[in-house]
Amino acid sequence: MIDLPKYMADNLADIMRTAHGSVLGNPREARFALRMQHQLARGERRRRQLLKREGLEVPPFLIASIATTCNLQCKGCYARSNGLASDTPQRDTLTPDQWHDIFAEAADLGFNVSLLAGGEPLTRRDLLERIAQVRDMLFPVFTNGTLIGPQYIDFFRRHLNMVPVISLEGDAGATDTRRGNGVYQRALMSMEMLRDAGLFFGTSITVTTRNKEAVTAHEYLQLLHSLGCRLVFYVEYVPIDESTADLAFGDDDVQWMEQTVDRLRGEMNDMILVSFPGDEKMLGGCTAAGRGFFHIGPDGAAEPCPFSPHSDTNVATDGLRAALQSPLFRRLREASALSWEHTGGCTLFEHRDEVQAMLQQA
C-alpha cells in the first residue's frame, strides 16, 4: 500500500518545483516558489514528528469553503444544491480573525496548502485579506473569475501565497451553457489581466463523460498556456441528481483520464496538471476524512469532504487537532468506507445515508 501522506506531500513538492520553473522570468514569483518548496519540506518533517510523538497523522492539505454567497447560478452546482451557497448569506460564517487563527494553527501542524472555495471566495475580500497573512501556507483560490479587476490584481500581487484558480467547463459554449452568457469571455479577460501582471495562476475544469476529450486536447491546453495559465485542476463531475448521472465517470473513464493526463504532463512540461480525485484504487480508496485532506465548512464544521457535509467537530471551537481525531473520520476509516464501491467522482456522496448513520452513532 502506498504511504498516502508521503505520496501526496511528494506530489505537492513536485508541483512547487514545476511552478518555480514556470515563473523563472518573474524573479519575485520565483523566489516565492522556492521559499514554498522549503516550506513544504519543513511541513512534511513536522507532520512526521507529530505522527511519531503523538500518533497524530496530519494530511498535506485542507479544503475550506469560506464564502456562502455567489454571483453566478451555475447549472448542477453542488454548493447551491446542499444550501452551502446562495445569492444571499444563508449559513453562519466564521470571522476573518477566526479563519486566520485556524490557518495559523494549520501551518504550525504542518499543513502546507488549503484550497479556498465557496460560494465565490472573491465576494469575501475581508476574509481573504486576513487569511493571506498566514505566509507559510499556499492558498489556491477557486473562483469563477468574473470579479477579478484592478483591485484584485493588486491583491494577488501583494499576496503571492494566494493563487487564483479560474473555473471553466471547456470552450465558450460549454462554459456559458453551465455558468451563464458571457462568463467564458469574462474569465479569459481575467486570465489576460493576471498574465499581463506576471502572476502565477491556474484553472479548474469540471470533467464529464461529454467534455473529457475536448478539455484534455493538446490544442486546448495550448490555448490556456497562451493566456498565461500554468496550473490545471481536472475535477471529476459529481452528479447532484439522477438526471445527470450519465455525466459522471465510470472505471473506464477514470483509467482513460489518468493515462491521458500522464501523457499530457510529458507534452506540457511547464504546466502543472492535477487530476482530482485521481486514481483512488492506487491510493487505497478515497483520500477524504483526514487520509489526504478534510473539508472545513463556512461555520468551521470539520467535514470528510465538500460533497459529504457531515460533522461532529468544529475547528473554530475545538481546534484542528480535535478535528484530526474526529470520531466520524475514525469510523469512516475503520469501516473501510473510503473504499466503498461507487460510480462518479465521490464515494461518500454516493453513500451519504451510510455516512449519516455513522454520524449518529453514540
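For the structure, check the block above.
Computed from a prediction, not measured in an experiment: that's the story for all the values here.

What counts, and where the lines are drawn
Residues numbered from 1 in each chain as written. Predicted model: local features only at pLDDT ≥ 70, side-chain atom pairs only at ≥ 80, totals over all residues. Heavy atoms only, no water. Buried < 20%, exposed > 50% of the residue type's maximum accessible area, 1.4 Å probe, protein only. Helix = DSSP H or I, 4+ residues; strand = E, 2+ residues; numbered from the N terminus. Arc of directions from axis to C-beta. Polar contact = N/O pair within 3.5 Å; in protein donor to acceptor, adjacent residues only side chain to side chain. Salt bridge = Lys/Arg side-chain N within 4 Å of Asp/Glu carboxyl O. Axes fitted to C-alpha atoms, helices over the stretch in contact; angles between N-to-C directions. Parallel < 35°, antiparallel > 145°, perpendicular 65-115°, else oblique. Left-handed = near helix turned anticlockwise from the far one by under 90°. Contact = heavy atoms within 4.5 Å. Nonpolar A, V, L, I, M, F, W, Y, C, P; charged D, E, K, R; others polar. Phe/Tyr/Trp six-rings, centres within 6.5 Å; stacked < 30°, edge-to-face > 60°. Lys NZ or Arg CZ within 6 Å of the ring centre and 35° of its normal. Patch = residues over 30% accessible without salt bridge, like charges linked within 9 Å, V, L, I, M, F, W, Y side chains within 5 Å. Areas by Shrake-Rupley, 256 points an atom, 1.4 Å probe, with all protein chains shown as cover. Lys, Arg positive; Asp, Glu negative; His and termini not counted. Charge placed at Lys NZ, Arg CZ, Asp CG, Glu CD. Disulfide = S-S within 2.5 Å. Pairing = 2+ DSSP bridges.

## Digging into helix 14 (residues 327–334)
Part 1: If you check which residues of helix 14 are buried, you get Leu328, Phe329, Arg331 and Leu332. The buried residues of helix 14 occupy an angular sector of 160° when projected down its axis, which confines them to one face.
Part 2: The N-cap of helix 14, judged by a side-chain oxygen 3.2 Å from the amide nitrogen of Leu328 a few residues on, is Ser326.

## Description of the pattern of salt bridges
Part 1: Under the defined criterion, the tally for this structure stands at 18 salt bridges.
Part 2: Between Arg130 and Asp97 there is a salt bridge whose closest N-O contact spans 2.7 Å. Within this pair, whereas Arg130 is found in helix 5 (residues 125–131), its partner Asp97 is found in helix 4 (residues 96–109), the two being separated by 33 residues in sequence.
Part 3: The exposure class assigned to Arg130 is partly exposed, which follows from its relative accessible area of 21%.
Part 4: Across the salt bridge formed by Asp253 and Lys212, the nearest N and O atoms sit 2.7 Å from each other. With Asp253 in helix 11 (residues 251–267) and Lys212 in helix 9 (residues 212–215), the pair connects residues that are 41 residues apart, well separated along the chain. Across the pair, exposure class does not vary: Asp253 and Lys212 are buried alike.
Part 5: Overlapping salt bridges bring together Arg125, Glu129, Asp154 and Arg158 as one network.

## Quick word on the packing of helix 14 against helix 16 (residues 352–359)
Part 1: Their axes nearest at 9 Å, the elements helix 14 and helix 16 cross at an angle of 125°. Classified by the interaxial angle, the pair formed by helix 14 and helix 16 is oblique. You can see that helix 14 and helix 16 cross each other, and the crossing is right-handed. Two secondary-structure elements touch here, helix 14 through Leu328, Arg331 and Leu332 and helix 16 through Val355, Met358 and Leu359.
Part 2: Grouping the amino acids of the contact of helix 14 with helix 16 by side-chain chemistry returns five nonpolar, no polar and one charged.

## Some details on the packing of aromatic side chains
Part 1: Counted according to the given criterion, the structure contains 10 aromatic pairs.
Part 2: Taking 5.6 Å as the distance between ring centres and 50° as the angle between the ring planes, the aromatic pair formed by Phe294 and Phe329 counts as tilted. Of this pair, Phe294 sits in the loop between strand 7 (272–276) and strand 8 (295–296) while Phe329 sits in helix 14; the two residues are 35 residues apart in sequence, bridging distant segments of the chain.
Part 3: A connected cluster of aromatic rings, assembled from ring pairs, spans Phe61, Phe276 and Phe293.
Part 4: Sitting over the face of the ring of Trp256, Lys212 holds its NZ or CZ atom 4.7 Å from the ring centroid.

## Some points on a positive patch on the surface
Part 1: A grouping of Arg28, Arg31, Arg135 and Arg157 is seen on the molecular surface, where their side chains present a positively charged patch.
Part 2: When you line up the elements, Arg135 lands in the loop between helix 5 and strand 3 (139–143).

## Structural notes on the state of the cysteines
Part 1: Scanning the entire structure with this criterion turns up zero disulfides.
Part 2: Left without a disulfide partner, Cys77 is nearest to the cysteine sulfur of Cys74, which lies 6.1 Å away.

## Focus: the pairing of strand 2 (residues 113–117)
Part 1: In terms of burial, strand 2 is a largely internal element, five of the five residues being buried.
Part 2: Of the two faces of strand 2, the one lined by Val113, Leu115 and Ala117 and the one lined by Ser114 and Leu116 are each fully buried.
Part 3: In this sheet, strand 2 lies alongside strand 1 (residues 61–65) in parallel orientation, the contact comprising five bridges. Paired with Leu62 across the bridge in strand 2 is Ser114.

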